[in-house]
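Structural description and commentary
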Amino acid sequence: MPSLISLLTRRIKNSCAVWEITLKCNSKCIHCGSRAGSERSDELTLEEALKLVKELHSCGYKGVALMGGEPLVREDWYEIAKEVKKYKMDLSIVTNGLNVAKNIQKLKKLNVDCVSLSLDGGLPETHDYLRGIKGAYGKTINAMKILRRERLPVSIITAINKRNLKEVDLIKNLILDQNISWQIQLAVPIGRFPKELTISREEYYALAMFIAINIKKYSYRRLPVIGAHCFGYFSRFIPNLGLAPWVGCQAGYSVLGIQSNGNIKGCLTLSDEYIEGNVRTQKLNEIISNPYAFSYNRNFEKENLDRYCKSCKMVNECKGGCLGTRDALDSEDSPYCLRAIEDLRFNFQLFGVKGKMDSLLSKYKNIYSRILKN
């Protein structure tokens with residue numbers, strides 16, 4: 001009999017296209033995975049972009065998230081966004097917040113479904129350092145207030161690294177009871193991000209505990225917080241931190257990544273070796289319906305995994321976790337995975353005697369207090 005996970009996977013349909021409409025950016029984030037700054041020389045024209053919106057709709061995508069670079073610095077971003085709404089797809093805009101104030105009327109007119117702001121520090125100096133722009137924190141906080149005042153749905157995304165890890169409580173206090181959603185994700189060493197700023201596995205585990213504790217402590221109305229796809233998987237103690245049960249990496253399944261020059265990937269986090277085609281030379285439907293496309297997920301076989309993941313009892317349900325995170329960290333010996341950390345770092349013996357269990361739980365509490373509370 002097939003497992004619940006396999007049944008869920010079979011029913012997954014095209015859901016969200018994450019579209020980098022330009023590589024141009026007015027920030028200089030040290031953790032930028034795409035090294036954004038200048039626009040690509042071959043970015044899609046407005047005509048090509050509008051055609052692609054129609055194709056996304058025809059292929060059954062329910063939502064489009066426009067990002068960059070910085071999407072609001074592309075001169076014709078509004079026309080692209082308006083086309084998304086014309087086809088009745090959900091529209092999200094992922095922005096650094098620097099240009100929100102001068103575009104607020106356009107955002108209102110679009111009736112945008114969500115504006116996601118990047119907030120990477122609880123202190124101005126931390127956020128500005130990570131964003132590479134002095135005064136960025138103040139403009140992002142102002143953007144958050146303007147969006148709330150205009151009753152537009154707003155969320156924040158925080159990419160956690162060693163520089164901002166201990167400021168998660170400060171960020172929480174900024175958005176508590178403000179009807180602002182919060183997605184916490186792991187900054188990984190791709191693009192400009194230096195590997196030495198990646199949090200350790202113990203810090204990763206402590207951060208997962210922070211998310212779980214606050215999910216339990218506050219109602220979803222007071223603090224709608226989740227861990228992104230890089231937080232999992234199948235811990236024996238920490239509950240699911242995402243919006244839905246983990247059924248494996250969704251790159252090429254429900255999620256699609258589009259680069260500003262029309263390259264198609266399963267996820268924008270993945271390197272260019274995962275490009276499946278380009279919408280200038282093929283129709284989108286031809287690319288995504290190719291039986292050999294996105295084979296790393298669509299034709300998943302555990303034999304293609306290495307070391308720990310391959311031997312894990314949850315491999316058929318987990319499928320190796322987030323592929324982008326796994327590739328970026330080259331971590332299959334000791335992956336950034338809650339279950340793996342419990343096994344490899346804490347020498348967990350499943351269902352040990354009560355004394356061992358109490359000792360283990362005490363160790364977890366000590367790690368949480370030492371890393372996030374000191």
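Here the structure is shown first, and the text comes after it.
Quick summary incoming for the structure in this document. (Residues numbered from 1 in each chain as written. Predicted model: local features only at pLDDT ≥ 70, side-chain atom pairs only at ≥ 80, totals over all residues. Heavy atoms only, no water.)

In this section: the side chain of Thr126. Along the chain, Thr126 falls in helix H5 (residues 124-131). On the accessibility criterion, Thr126 (4% relative accessible area) is buried. Excluding anything up to four places from it in sequence, Thr126 contacts Asp120, Gly121, Arg163, Asn164 and Glu167. (Helix = DSSP H or I, 4+ residues; strand = E, 2+ residues; numbered from the N terminus. Buried < 20%, exposed > 50% of the residue type's maximum accessible area, 1.4 Å probe, protein only. Contact = heavy atoms within 4.5 Å.)

Taken as a whole and assessed by the stated rule, the structure comprises 14 salt bridges. Note that Arg280 and Glu48 form a salt bridge whose closest N and O atoms lie 2.9 Å from each other. In this pair, Arg280 sits in the loop between strand E10 (277-278) and helix H9 (284-289) while Glu48 sits in helix H2 (residues 46-58), placing the two residues 232 residues apart along the sequence. On the basis of relative accessibility, which here comes to 37%, the residue Arg280 falls in the partly exposed class. The residue Lys172 makes a salt bridge to Asp169 at a minimum N-O spacing of 3.2 Å. (Salt bridge = Lys/Arg side-chain N within 4 Å of Asp/Glu carboxyl O.)

A separate point is the environment of Asp343. For Asp343, the position within the fold is in helix H14 (residues 338-344). For the pair formed by Asp343 and Ser235, sequence separation is 108 residues and the distance between their alpha carbons is 9.9 Å.

In this section: the packing of H2 against helix H3 (residues 77-86). Contact geometry for H2 and H3: axes closest at 9 Å, N-to-C directions at 20°. Overall, the two elements H2 and H3 adopt an arrangement that is roughly parallel. In this structure, H2 crosses over H3, and the sense of that crossing is right-handed. On H3, the residues that touch Leu46, Ala49, Leu50 and Val53 of H2 are Glu79, Ile80, Glu83 and Val84. (Axes fitted to C-alpha atoms, helices over the stretch in contact; angles between N-to-C directions. Parallel < 35°, antiparallel > 145°, perpendicular 65-115°, else oblique. Left-handed = near helix turned anticlockwise from the far one by under 90°.)

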